[in-house]
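# Topology and contacts: notes
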Amino acid sequence: MTDNSIVQAAIQLILLALVSLLIPASYRVIVGPSLPDRLQAVDLITTLLIGIIVMLALVEGTENFVDMAIALAAFAFIGTISIARYISEGRVF
């Protein structure tokens, strides 16, 4: 999609940053002192994955990855809401 080498280098750096941020977020999921901290880390991981998918869509030049990212965002939103309700009230529905 983009032929400019500066833009390609920037996309590669952004991808590297997003992937490297998955490590501390995964650590927070495993070690998190409380359940809300773990929920926030899982939400951060899904947001990072959405960013990675969108950057891969730019690299590949296809729009199918963007559709996947939108679907992942919808599922992540529903999951976060249901887990937050379970934490606060002890029930999902």
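Look up: the structure comes first, before these words.
In this text, all values refer to a predicted model and were calculated from it rather than measured experimentally.

## Some words on the nonpolar core
Ranked by size, the top nonpolar core spans nine residues in total: I11, L15, L18, L22, A25, I45, L48, I52 and M55. Contributing elements (two or more residues each) for this core: α1 (5-31) and α2 (35-60). In terms of residues, this core owes the most to one element, α1, which gives five residues.

## Some thoughts on the pattern of salt bridges
Where side chains of opposite charge bring their charged atoms close, a pairing between them can arise. Evaluated as defined, the whole model comprises one salt bridge. The closest approach of N and O atoms between E89 and R85, which form a salt bridge, is 3.2 Å. One end of the pair is E89 and the other is R85, both in helix α3 (residues 64-89) and four residues apart, which spans about a single turn. Residue classification places E89 among the partly exposed residues on the basis of a relative accessible area of 47%.

Criteria and thresholds
Residues numbered from 1 in each chain as written. Predicted model: local features only at pLDDT ≥ 70, side-chain atom pairs only at ≥ 80, totals over all residues. Heavy atoms only, no water. Core = buried A, V, L, I, M, F, W, Y, C linked by side-chain atoms within 4.5 Å. Buried < 20%, exposed > 50% of the residue type's maximum accessible area, 1.4 Å probe, protein only. Helix = DSSP H or I, 4+ residues; strand = E, 2+ residues; numbered from the N terminus. Salt bridge = Lys/Arg side-chain N within 4 Å of Asp/Glu carboxyl O.

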